[in-house]
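The lines below spell out each chain.
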Amino acid sequence: MSEEEPQEQQDDEDLQYFVRIGQTDLDGTKSVERSLSELNGVGRRTARIIADEAGVDRTATFGRLDDDVIDDVVEVVENYADEVPEWLTNRQGDFYTGETTHEIGNDLQLTRQHDINRMKMIDSYKGVRHKRGQKVRGQRTKSTGRTEGTIGVNVEEIREEQAEEGGDEGEGE
């Protein structure tokens, strides 16, 4: 047992608990694929492609990789749009530049918010729906998505009121 304890301590020393990619800290105790999928704009499929492009075992613990290998993974993440087909990216044909890119992290959130604000300013159908706080993608709104209180009939309250009225009438006789 004493032989195993120093091995565990040595493994803990080699482990990077946080791996920084872009502006995001990824969990170094998880596998490469799972850690990368925590990054906004990178799902499971994209994480698998990134691991394959970087030449890394996707089941390896991310924090135990060498710094050179982690740098390779970071480079592949940053240049992802150049290495995959256009249909695998999340931003095809940008409105202003016409370029195809793959946004990750905070850039993805800023780009989405910018697009929504542009739709609101030009009063497109989707922009108007965003302004009103209604559903945008054609979902039903007749019975779902209600933000105000309960709408409809509350049967329990009616029964209680009828019971009280029935009890009051019986006492009067």
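Here the residue index of a chain counts from 1 through its sequence in written order. Local features in a predicted model are, by the rule used here, given only for residues with pLDDT of at least 70; side-chain atom pairs are given and counted only at 80 or more, and totals for whole chains, interfaces and linings are based on all residues. As a rule here, side-chain values come from all non-hydrogen atoms in the structure, and water together with hydrogens is ignored.

## Observations concerning the pairing of strand 1 (residues 18-21)
Judged by which residues are buried, strand 1 turns out to be one-sided: Val19 and Ile21 face inward and are buried, whereas Phe18 and Arg20, on the alternate face, are not. Two strands qualify as a pair provided DSSP detects at least 2 bridges between them. Secondary structure elements follow DSSP: runs of H or I of four or more residues count as helices, runs of E of two or more count as strands, with numbering from the N terminus. Where strand 1 meets strand 2 (residues 24-27), four bridges bridge the pair, whose relative direction is antiparallel. When the bridges of strand 2 are listed, Ile21 appears paired with Thr24. Hairpin geometry of strand 1 and strand 2 is characterised by an intervening segment of two residues between the two adjacent antiparallel strands and by a positive phi of about 65 degrees at Gly22. Burial here depends on accessible area, computed with a 1.4 Å probe over protein chains only, as a share of the maximum for the residue type. Under 20% is buried, over 50% is exposed, and the range in between is partly exposed.

## Looking at a nonpolar patch on the surface
To count toward a patch, a residue needs a relative accessible area over 30% and no salt bridge; like charges are then connected within 9 Å, while nonpolar side chains (Val, Leu, Ile, Met, Phe, Trp, Tyr) are connected within 5 Å. Here the Shrake-Rupley method, with its probe set to 1.4 Å, supplies the accessible areas, and only the displayed protein chains count as covering residues. By salt bridge we mean one thing: a side-chain nitrogen of Lys or Arg within 4 Å of a carboxyl oxygen of Asp or Glu. A grouping of Val153, Val155 and Ile158 is seen on the molecular surface, where their side chains present a nonpolar patch of about 270 Å² in accessible area. By the secondary structure assignment, Val155 is in helix 8 (residues 155-172). Classification of Val155 as partly exposed rests on a relative accessible area of 44%.

## Some thoughts on unusual backbone geometry
Generally, phi is negative for residues other than glycine and the peptide bonds are trans, each holding for most cases. Located in the positive-phi region is Asp123, a residue other than glycine, with phi close to 55 degrees. If you trace the backbone, Asp123 turns up in the loop between helix 6 (106-121) and helix 7 (125-132).

## Regarding helix 6
Here helix 6 is 16 residues long and its end C-alpha atoms lie 23 Å apart, about the 22 Å a rise of 1.5 Å per residue gives. Three or more residues of helix 6 are buried, namely Leu108, Thr111, Asp115, Ile116, Arg118 and Met119. Looking down the long axis of helix 6, one finds its buried residues gathered within 160 degrees of arc, a one-sided arrangement. Facing away from the buried side of helix 6 by over 90 degrees, the exposed positions are Leu110 and Met121. We call two residues in contact when some of their heavy atoms are within 4.5 Å. Where helix 6 is buried, its residues touch helix 7. Expected helix span is taken as 1.5 Å per residue step, with the number of steps being one fewer than the number of residues. Arc definition: directions from the helix axis to the C-beta atoms.

## What about the pattern of salt bridges?
Under the counting rule described, the total for this entry stands at eight salt bridges. A salt bridge links Arg48 to Glu33, with the shortest nitrogen-to-oxygen separation between them at 3.6 Å. Taken together, the residues span a long stretch of sequence, with Arg48 in helix 3 (residues 44-54) and Glu33 in helix 2 (residues 32-37) at a distance of 15 residues. Under the relative-accessibility criterion, Arg48 is labelled partly exposed at 38%. Here Asp123 ties to Lys131 by a salt bridge, and the two come within 2.6 Å at their closest N and O atoms. Three or more residues are tied together by salt bridges with common partners; here these are Arg91, Asp94, Asp115 and Arg118.

## Some words on helix 3
Turning to helix 3, its buried residues number three or more, namely Thr46, Ala47, Ile49, Ile50, Ala51 and Ala54. Against helix 2, helix 4 (67-78) and helix 5 (80-83) lie the buried residues of helix 3.

## Comments concerning the nonpolar core
In plain words, nonpolar cores are sets of buried Ala, Val, Leu, Ile, Met, Phe, Trp, Tyr and Cys residues tied together by side-chain atoms within 4.5 Å. Ile21, Leu36, Ile50, Phe62, Val73 and Val77 are the most contacted members of the largest nonpolar core, which has 25 residues in total. The set of elements that each furnish at least two residues to this core consists of strand 1, helix 2, helix 3 and helix 4. Sequence-distant contacts of Ile50, defined by excluding residues within four places in its chain, comprise Leu36, Val42, Val73, Val76, Val77 and Tyr80.

Read these as geometric descriptors, not functional statements.
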